[in-house]
2 protein chains.
Amino acid sequence: MKFKIALLSGDGIGPEVTEQAVKALHAIGDLHGHTFEFEEAPVGALAIEQTGNPLPDATLEVCKNSDAVLFGAIGDPKYDNNPDAKVRPEQGLLKLRKELGLYTNIRPVKAYPTLIDKSPLKKDIIEGTDMVIYRELTGGIYFGEKKLSEDGTVASDLCEYSEAEIERIAHLAFKAARARKKKVTLVDKANVLESSRLWRRVVTTISKSYEDIDLDFLFVDNAAMQMILNPSQFDVILTENMFGDIISDEGSVIGGSIGLLASASVGDKSAMFEPIHGSYPQATGKDIANPIASILSAAMLLTHLGLHEEAGVVNKAVERALEKQIVTSDLYKESTYGTKSVGDYIAHAIVNID
Amino acid sequence: MKFKIALLSGDGIGPEVTEQAVKALHAIGDLHGHTFEFEEAPVGALAIEQTGNPLPDATLEVCKNSDAVLFGAIGDPKYDNNPDAKVRPEQGLLKLRKELGLYTNIRPVKAYPTLIDKSPLKKDIIEGTDMVIYRELTGGIYFGEKKLSEDGTVASDLCEYSEAEIERIAHLAFKAARARKKKVTLVDKANVLESSRLWRRVVTTISKSYEDIDLDFLFVDNAAMQMILNPSQFDVILTENMFGDIISDEGSVIGGSIGLLASASVGDKSAMFEPIHGSYPQATGKDIANPIASILSAAMLLTHLGLHEEAGVVNKAVERALEKQIVTSDLYKESTYGTKSVGDYIAHAIVNID
Ligand SMILES: [Mg+2]
Ligand SMILES: [Mg+2]
């Protein structure tokens, strides 16, 4: 098959890590007879320099006309250290999510056996962890009405959800569970919040169309504990925007390396795939950045396109690199492999996987 | 000095663990020439049985006329398993907090050297952790306006804070830092929420009257990560109600034993001290419940009464019991010590501390 991929590699180490993900996709294409046609477009600090806009209209058009977006990273210290900057690279990402209607953020958390000693958790606790967090991304208190009284002494934020907002992400979570361990855990605070009670009602109703999937419930404060005490109990976690922000960031550190974590942001018409790490400007151009998160985001992209077998091959190739310690020095101090050689190894492993 | 203490030992293991805390307070009284006069009053399931009300007016009066409230635990499976129960033991606790105006919840989290192997975190990460979390307890989204649209398809919760609500707890947190490592970390989400921006402004202004205290800021999602990656960086954490619920529950598990964790709920006129564990009905009357959390809550009570040296003696006696493994079997499997003998040892250690 033929696929059009928008390539928004962005700032800092973005271009060099996405380059490795592109290599992996080409390798898969060669192996399985697909063609991935990449169209590059500027975003972030690069786009501000070229056009004054962190998300130029032309870039948005490229994304809308693609089957998926492969995203690198965004952010430049030039803007971070300038409080008067009127446009910021990060605005490009927020606008992109909004314009493409990406209402679900998906974050896998997996404990790789070869990296278990890097986890802050003890081995017997982190072992076997393999979950994916479905976080609602465009509603809730982050986007609700904000108020500040005229005298500035009272401030408020509104957390609002509609049935429709909950339904669409819930279906995605149940479908994901079907291809996994068949369990969905709804994280909410239904003993206190009206919006959480709506989540619970809607998700319970939807669960009846997925009879093969177990649904259970966890209050968010308890979930924050369980993530540390027993993370391997989870399969698919489904939750609202702010709870998802907190729980998925907590989850991101238990595996031991942020350089391995990929994410997807999905809507009805578009989907974007990116590492969760930032643009890491100090490492730019030094061939030391870990490309694995970007390569794993390419695997998520394959899954999204329905190419499940192909995604499995990429994941396997990454696991082989980890096993053989063909990794950058953030994962294995003595390693002399750089960004490119790790990318080359994984592309090679994809073609030669058994 | 002479102090009046309301003794609300409650349900389940509440009475047997508070009995050990009372012993510790009497021992301190003997040693330092104080008199603690205890007045018992029913609360929770016990109070429902006696009066039909989980917080009888007479109990509330006893609390209001005391220098502090020593609280045990609340809850009975009889009510948990009956969805039709109109009154529940837990309502007694919520009403008590409200009636006494207890707007600040205080939770210490400490890694005891002898218990480090019980932590889910690796030794080098948990070692040296000694923080206290100041959580706003009567405002924010848990108490804000709740709405459900007439057709039941849209639900919302309002998170609102006023300057005055923030100021009073902020002063408590800065004062606590003064007697500790002189650092306050405000946990918020000021990059997104208007209410968080108010917290940041008010706390920053107040910090100017505490020039000896360092103030820093952490977004709540980052705080959830830092609690796992580097908990020993924290001294006093200050935060709003819901963030405090999540972060303090997350913090409660990193030390390795919930049987050691005490808490205080403080207002302008009253203060209440209790273990964070529940009524643990299966253990009732078996002399197996760990009394240390209740004894440590008595130490917090002493601090609140201005008896800092005395509180230090209780803490030291507890540490000695932990070192000598004079503990219940939840902490040390082979132990044959029961609730009472641990309490006796600690009371004895208080009187004989060097
Ligand atoms: Mg976050
Ligand atoms: Mg809680």
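In this text, all values refer to a predicted model and were calculated from it rather than measured experimentally.

(A) Seen up close, the sheet that holds strand β4 (residues 104-110) of chain B. Residues and elements named next belong to chain B. In space, the 10 strands of this open sheet follow the order β2-β1-β3-β12-β11-β4-β5-β10-β8-β9, with mixed pairing throughout. Each end of this open sheet is capped by a strand with a single partner; those strands are β2 (35-40) and β9 (214-219). Averaged over neighbouring strand pairs, the angle between their axes works out to 25° when direction is ignored. For strand β5 (residues 130-136) and strand β10 (residues 236-239), the ladder comprises four bridges, and the chain directions are parallel. Across the sheet, I133 pairs through a bridge with I237, a residue of β10. Against the sheet, helix α5 (residues 89-99) makes contact with β1 (2-10), β3 (68-73), β11 (262-266) and β12 (271-275), and its axis sits at roughly 150° relative to β12, the strand it touches most.

(B) Highlighting the relation of the copies chain A and chain B. Superposition record for chain A on chain B: RMSD 0.1 Å, screw rotation 179°, translation along axis 0.0 Å. The symmetry that links the two subunits is that of a two-fold axis.

(C) Representation of the coordination of the magnesium ion (ligand 1) in the model. On the protein side, the magnesium ion (ligand 1) has D245 of chain A (OD), D249 of chain A (OD) and D221 of chain B (OD) as donor atoms, found 2.1 to 2.2 Å from it. With D245 of chain A and D249 of chain A both in helix α10 (residues 241-254) and four residues apart, this pair spans about one turn of that helix.

(D) Fine view of helix α12 (residues 308-323) of chain B. All names here are of chain B. For α12, with 16 residues, the first-to-last C-alpha span of 22 Å sits near the 22 Å given by 1.5 Å per residue. The complete set of buried residues in α12 reads E310, A311, V313, V314, A317, V318, A321 and L322. Looking one or two residues beyond α12, the residue adopting positive phi is Q325, at roughly 55°.

Criteria and cut-off values
- Residues numbered from 1 in each chain as written.
- Chains lettered and ligands numbered in written order.
- Predicted model: local features only at pLDDT ≥ 70, side-chain atom pairs only at ≥ 80, totals over all residues.
- Heavy atoms only, no water.
- Pairing = 2+ DSSP bridges.
- Helix = DSSP H or I, 4+ residues; strand = E, 2+ residues; numbered from the N terminus.
- Axes fitted to C-alpha atoms, helices over the stretch in contact; angles between N-to-C directions.
- Contact = heavy atoms within 4.5 Å.
- Least-squares fit on C-alpha atoms with pLDDT ≥ 70 in both.
- Donors = N, O, S within 2.8 Å, 3.2 Å for Na, K, Ca; no water.
- Expected span 1.5 Å × (residues − 1).
- Buried < 20%, exposed > 50% of the residue type's maximum accessible area, 1.4 Å probe, protein only.

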